[in-house]
Amino acid sequence: LATTDTSVFEKIESEVRMYCRTFPVVFERAKGALLHTDDGRPFIDFFCGAGSLNYGHNHDAVKRRIIDYLADDGLMHGLDMHTVAKRDFLTRLTEVVLQPRGLDFKVQFTGPTGTDAVEAALKLARRATGRTGLTAFTGAYHGMSRGSLEVTGSRRARRAGTVAGGDVTFVPFEDGPLGPFDSIGLIERLWADPSSGTEPPAAVVVESVQMEGGVYPASREWLRRLREVTERHGVLLILDEIQTGCGRTGAFFGFEESGIVPDIVTVSKSLSGYGLPLSLTLFRRELDLWQPGEHTGTFRGNQLAFVAATAACELWQQDDFLSGLQQGAERLARFRADAAALDPGLVVRGRGMVLGVDTAGAGGAERAERVQRHAFERGLIVERCGRYDEVLKVMPPLTIEPGLLDDGLGILLDALQAN
Ligand code: PMP
């Protein structure tokens, strides 16, 4: 094959659905925050596999563990069996992630994808409450299959799945794509009023930062109020931490700094630390209602993903990882000021290691696309999100070297200036 020749893919595209038009090169290798094309051209990665590579590509400590496990003929599939890989992962998850945060959750292996975790969460909430209703937020993204699509806001995505609407009520996110709105006040009035035509639902499902929706962080106070109101009305609170989790917001979970304890939490994407598929639903012990056989699946809990995830959890015990994460977040915070100084029409939101550069009031999606292309031509991969793809999503690896982070942010700033 000719190097970085995408023509073979163009031919294949007549037969296979593909969506890689934004980045028309062929990638071959990756390390840390850098992707390399097949002719050796480096790109800084501010996309991170949609948040599934928070620890960077081929992290040495995680890779070592995987190689050793394979070399030892470690068990590759162990459904319904006690295995060493499963034991070690659950031990580390509890010791390093859950216990230090005061979270006394049970763990349900839900399958390879985030969507699997969301489906399990919705199913469990309905089983536990005996109710079918759900409340979700405009701009939310929770997945593309039946139940998860019912709580996903995007009209385009819903139409593709012919979602009839289900028993789901959507309310505006706190300060989301529709602007400021007292959604919790609305929810509460409807739930309390016997003539509102609505009942308190089984659960409210929410992201601590709406990521696909355009990087809208929920404030600490808002999440606390949501927790308080759901508790008072006997409604379960599901935090979808699939994209915000594993350090993206600066803490392991995005909801952490609000101090709330959700009833159910979904985790996936970066959990394995290596891009290997793995998802979990965590829930309060009282919700441990399913009997054996009531929530099954052949590929729940991949052994190699457990091995990788164990090593990834251990990074949270390492001072250099934690200080690097903090420095990265500080650097992103400084970029907000740089972008505002460059163009006061841009709105830059974010938390920890994610920023959304919102062009809605400064050129919109067309400008965002030009900026994205300009950045790509100069060696930076950045994706777009939001209702109209008007928000540039800055999502570097948590482990990115300061110099590369500066380079990437510099390319983005230049691209914003030139477009
Ligand atoms: N929830 C959130 C918040 C997500 O960002 C995503 C993926 N973008 C999902 C659920 C679905 O995860 P998956 O694509 O692994 O099914």
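What counts as what
- Residues numbered from 1 in each chain as written.
- Predicted model: local features only at pLDDT ≥ 70, side-chain atom pairs only at ≥ 80, totals over all residues.
- Heavy atoms only, no water.
- UniProt positions renumbered as here; feature names shortened; annotations may be inferred.
- pLDDT = per-residue confidence, 0-100.
- Pairing = 2+ DSSP bridges.
- Helix = DSSP H or I, 4+ residues; strand = E, 2+ residues; numbered from the N terminus.
- Axes fitted to C-alpha atoms, helices over the stretch in contact; angles between N-to-C directions.
- Contact = heavy atoms within 4.5 Å.
- Buried < 20%, exposed > 50% of the residue type's maximum accessible area, 1.4 Å probe, protein only.
- Near = heavy atom within 4 Å.
- Polar contact = N/O pair within 3.5 Å; in protein donor to acceptor, adjacent residues only side chain to side chain.
- Areas by Shrake-Rupley, 256 points an atom, 1.4 Å probe, with all protein chains shown as cover.
- Nonpolar A, V, L, I, M, F, W, Y, C, P; charged D, E, K, R; others polar.
- Expected span 1.5 Å × (residues − 1).
- Arc of directions from axis to C-beta.
- Core = buried A, V, L, I, M, F, W, Y, C linked by side-chain atoms within 4.5 Å.

By the naming in an unreviewed UniProt entry, the chain goes by Diaminobutyrate--2-oxoglutarate transaminase and is assigned to Streptomyces asoensis. The Sequence similarities (unreviewed entry) comment attached to the chain in UniProt states, word for word, "Belongs to the class-III pyridoxal-phosphate-dependent aminotransferase family." Of the chain, the UniProt comment under Cofactor (unreviewed entry) reads exactly: "pyridoxal 5'-phosphate".

Engineer: Describe the confidence of the model for the chain, naming the residues involved and giving the relevant values.
Structural biologist: Summing up the model confidence of the chain, the mean pLDDT is 95 and the portion of residues at 70 or higher is 97%. Confidence metrics for the complex model read pTM 0.96 and ipTM 0.99.

Engineer: A description of the sheet that holds strand 19 (residues 391-394) should follow, citing residues and the corresponding values.
Structural biologist: Spatial ordering of the open sheet is given by 15-16-19-18, a layout of four strands whose pairing is antiparallel. Both edges of this open sheet fall to strand 15 (347-351) and strand 18 (383-385), since each of them pairs with a single strand only. Strand-to-strand, the axes of this sheet are offset by a mean angle of 30°, without reference to chain direction. Docked against the sheet, helix 11 (residues 319-342) engages strand 15, strand 16 (354-358) and strand 19, running at close to 10° with respect to strand 16.

Engineer: Explain the pairing of strand 14 (residues 279-284) to me, using residue names and the numbers behind them.
Structural biologist: Of all six residues in strand 14, five are buried; the element is thus mostly enclosed. Note: strand 4 (residues 105-111) against strand 14, six bridges, orientation antiparallel. Bridging across to strand 14, Gly111 finds its partner in Ser279. Note: strand 13 (residues 264-267) against strand 14, four bridges, orientation antiparallel. Bridging across to strand 14, Val265 finds its partner in Leu282.

Engineer: Any chance you could break down the sheet that holds strand 12 (residues 236-240) for me, citing the residues and the numbers?
Structural biologist: Pairing is mixed in the open sheet, where seven strands are placed in the order 4-14-13-12-9-5-6. Because the sheet does not close on itself, it has two edges, and the strands there are strand 4 and strand 6 (168-171). On average, each strand axis in the sheet is tilted by 20° relative to the strand beside it, whichever way the strands run. Here strand 5 (residues 134-137) runs beside strand 6; their pairing, made up of four bridges, is parallel. Paired with Thr135 across the bridge in strand 6 is Thr169.

Engineer: With reference to specific residues and values, describe the side chain of Thr152.
Structural biologist: Along the polypeptide, Thr152 turns up in the loop between helix 6 (146-150) and helix 7 (155-160). Residue Thr152 is classed as buried on the basis of its relative accessible area, which comes to 0%. If near-sequence neighbours (up to four positions away) are discounted, Thr152 is found in contact with Ala140, Tyr141, His142, Gly143, Arg158 and Phe170.

Engineer: Give me the site of the ligand: which residues, what numbers.
Structural biologist: The environment of the ligand is formed by Thr113, Gly114, Thr115, Tyr141, His142, Glu207, Glu212, Asp240, Ile242, Gln243 and Lys269. One of the side-chain nitrogen or oxygen atoms of Gln243 is found 2.7 Å away from an oxygen atom of the ligand. Measuring from a nitrogen atom of the ligand, one finds a side-chain N or O atom of Lys269 at 3.0 Å. Relative to its unbound accessible area of 390 Å², the ligand is 84% covered by the protein chains. Across the shell around the ligand, the residue classes break down as two nonpolar, five polar and four charged.

Engineer: Could you give an account of helix 13 (residues 402-418), naming the residues involved and the relevant values?
Structural biologist: The terminal C-alpha atoms of helix 13 lie 24 Å apart, and with 17 residues this matches the ideal 24 Å at 1.5 Å per residue to within 8%. Taken together, the buried positions of helix 13 are occupied by Leu404, Leu405, Gly408, Leu409, Ile411, Leu412, Ala415 and Leu416. The buried side chains of helix 13 occupy one side of the element, clustering within an arc of 150° when seen end-on. In helix 13, the exposed positions angled more than 90 degrees off the buried face are occupied by Pro402, Gln417 and Ala418.

Engineer: How would you sum up the nonpolar core? Please name residues and give values.
Structural biologist: Counting residues in each nonpolar core, the largest one holds 83 residues, and the members touching the most others are Phe46, Phe89, Phe137, Trp222, Leu226, Phe253 and Leu282. For this core, the leading source of residues is helix 10 (residues 303-315), giving ten residues. Contacts of Trp222, omitting those with residues within four sequence positions, involve Phe137, Phe173, Glu174, Ser183, Ile184 and Val206. Grouped together as the second largest cluster of nonpolar side chains are 20 residues, Val118, Leu122, Leu134 and Trp290 included.

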